[in-house]
Structures are given as structure tokens and as C-alpha cells.
Amino acid sequence: KGLTTLDLANHRLTAVTAYPIAVALSTNTNLKRLVLDHNQLDDATASAFSKVLASNRSLARLSMQGNDISPLGAQDLVNGFVQSASLKQLSLQSNDFGPDTLKELIKPHRGIVVAADGSLWKR
């Protein structure tokens with residue numbers, strides 16, 4: 001069936017090196033979980049991935065913890081999360097914003113909750 005989990009945590013990825021992953025994700029139908037924790041990903045990366053989330057139909061979990069994503073990038077990712085038909089969990093802890101920012105970003109969206117670990121889940 002192909003690769004279902006891809007863990008690229010701590011690989012020193014940047015917006016430039018992560019962009020091809022976002023492009024590949026737009027047509028991938030197997031990947032269920034993508035871990036991009038503790039890299040050097042920024043708002044440009046967040047924007048690229050948010051656009052892909054709307055079209056991808058297989059990814060259920062995306063983790064981008066411990067990067068350089070600001071509240072602006074978090075807003076893009078929350079928007080992509082809301083539009084995604086398949087994504088159920090989005091983890092953005094330890095970026096350049098706190099848990100209160102996430103709570104504010106999801107207020108307009110029903111059915112999304114912040115879990116005890118700080119990740120976002122769809123009910």
C-alpha cells in the first residue's frame with residue numbers, strides 16, 4: 001500500500017527543503033501521518049502546507065512542533081486543518097506562539113478542540 005508514516009523530525013528542514021514534501025503531499029494518497037517536528041520551518045512552510053491540506057485526502061495527522069512558526073503561520077495551518085477532509089490532528093506546540101493563541105484561532109471553528117497535550121483535534 002505504500003508509505004503511511006513519514007517522520008522527518010530533527011532533519012534541519014527549512015522552507016526550501018520542505019517545499020517538495022508539500023508538493024508531493026498534494027497528490028499522495030497513502031501517507032496518513034507526517035512528522036516535521038524540530039526543524040527550521042517557518043510561516044512560508046506553514047502557508048505551503050495549509051494549501052495542500054485542502055486537497056489531500058489521506059493525511060490524518062500532521063505534526064510541526066518546535067519550529068519557527070508565528071501566529072500568522074499558525075492561522076494558515078488552522079485554516080488548512082478546517083478545510084481538510086481527512087486531517088484529524090494538527091500538532092503545533094513549541095512554536096513562536098503559546099497555547100492561548102491556538103485557542104483564539106479555533107474560536108470561529110466549531111468541532112475543533114485543543115487537547116491536553118496542546119494539539120488540535122476534530123471531533
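Reading the values: the criteria
- Numbers given for residues are sequential positions, taken from 1 along each chain in its written order.
- Residues qualify for local features only when their pLDDT is at least 70, as the model is predicted, and side-chain atom pairs are given and counted only at 80 or more; totals for whole chains, interfaces and linings, by contrast, use all residues.
- Water and hydrogen atoms were dropped before computing side-chain values, which therefore reflect all heavy atoms in the structure.
- Accessible area is worked out with a 1.4 Å probe on protein chains only. A residue is then buried under 20% of its type maximum, exposed over 50%, and partly exposed in between.
- Only DSSP runs of H or I reaching four residues or more are called helices, and only runs of E reaching two or more are called strands; each is numbered from the N terminus.
- What the arc measures is the spread of directions leading from the helix axis to the C-beta atoms.
- We call two residues in contact when some of their heavy atoms are within 4.5 Å.
- The criterion for strand pairing is that DSSP finds at least two bridges linking the strands in question.
- Interaxial angles span 0 to 180 degrees and are taken between N-to-C directions of axes, which are lines fitted to C-alpha atoms, for helices over the stretch in contact.
- Here, a salt bridge means any Lys or Arg side-chain nitrogen found within 4 Å of an Asp or Glu carboxyl oxygen.
- N or O atoms closer than or at 3.5 Å make up a polar contact, with two conditions inside protein: a donor-capable atom paired with an acceptor-capable one, and, for residues adjacent in sequence, both atoms drawn from side chains.

Engineer: Mind showing me how you'd approach helix H1 (residues 15-25) here?
Structural biologist: Within an α-helix, residues lying three or four positions from one another point in the same direction, as the helix has 3.6 residues per turn. The complete set of buried residues in H1 reads Ala18, Ile21, Ala22 and Leu25. Buried positions in H1, seen along its axis, are confined to an arc of 100 degrees and lie on one side of it. On its buried face, H1 is in contact with strand E2 (33-35) and helix H2 (43-55).

Engineer: Would you mind going over the sheet that holds strand E4 (residues 89-91) with me for this structure?
Structural biologist: Hydrogen bonds between backbone groups are what pair the strands of a sheet, and the pairing can be parallel or antiparallel. With mixed pairing, six strands are arranged side by side in an open sheet as E1-E2-E3-E4-E6-E5. Only two strands of the sheet have a single neighbouring strand rather than two, namely strand E1 (5-7) and strand E5 (112-114). This sheet shows a mean twist of 10 degrees between the axes of neighbouring strands, independent of strand direction. Bridge count between strand E3 (residues 61-63) and E4: three bridges; the pairing is parallel. Looking at the pairing, leucine 62 lines up with leucine 90 of E4. Helix-sheet contacts for helix H3 (residues 71-83) involve E4, E5 and strand E6 (120-122), and the interaxial angle to E6 is about 20 degrees.

Engineer: Would you mind going over unusual backbone geometry with me for this structure?
Structural biologist: Most peptide bonds take the trans form, and the phi angle of most residues other than glycine is negative. Phi angles above zero are rare outside glycine, and arginine 12 is one such case at about 60 degrees. Within the secondary structure, arginine 12 sits in the loop between E1 and H1. Take arginine 12: its relative accessible area is 70%, and that puts it in the exposed class. Positive phi, normally seen in glycine, also occurs at serine 94, with a value near 60 degrees. Counting through the fold element by element, serine 94 comes out in the loop between E4 and helix H4 (99-106). Residue class for serine 94 comes out exposed when judged on its relative accessible area of 56%.

Engineer: It is not clear to me how H4 should be interpreted in this structure. Could you clarify?
Structural biologist: Listing the buried residues of H4 in full gives Leu102, Leu105 and Ile106. Projected down its long axis, H4 carries its buried residues within an arc of 90 degrees, all on one side.

Engineer: For this particular structure, what's the right way to read the pattern of salt bridges?
Structural biologist: Proximity of charged atoms lets side chains of opposite charge pair with each other. Throughout the structure, instances matching the rule amount to one salt bridge. As a salt-bridge pair, lysine 107 and glutamate 104 come within 2.9 Å of each other at their nearest N and O atoms.

Engineer: Help me understand the side chain of serine 63 in this model?
Structural biologist: Note on placement: serine 63 falls in strand E3. A polar contact of 3.3 Å, which involves the side chain of serine 63, links it to the side chain of glutamine 65. Residues contacting serine 63, with those up to four places away along its chain left out, are Leu34, Val35, Leu36, Asp37 and Ser91.

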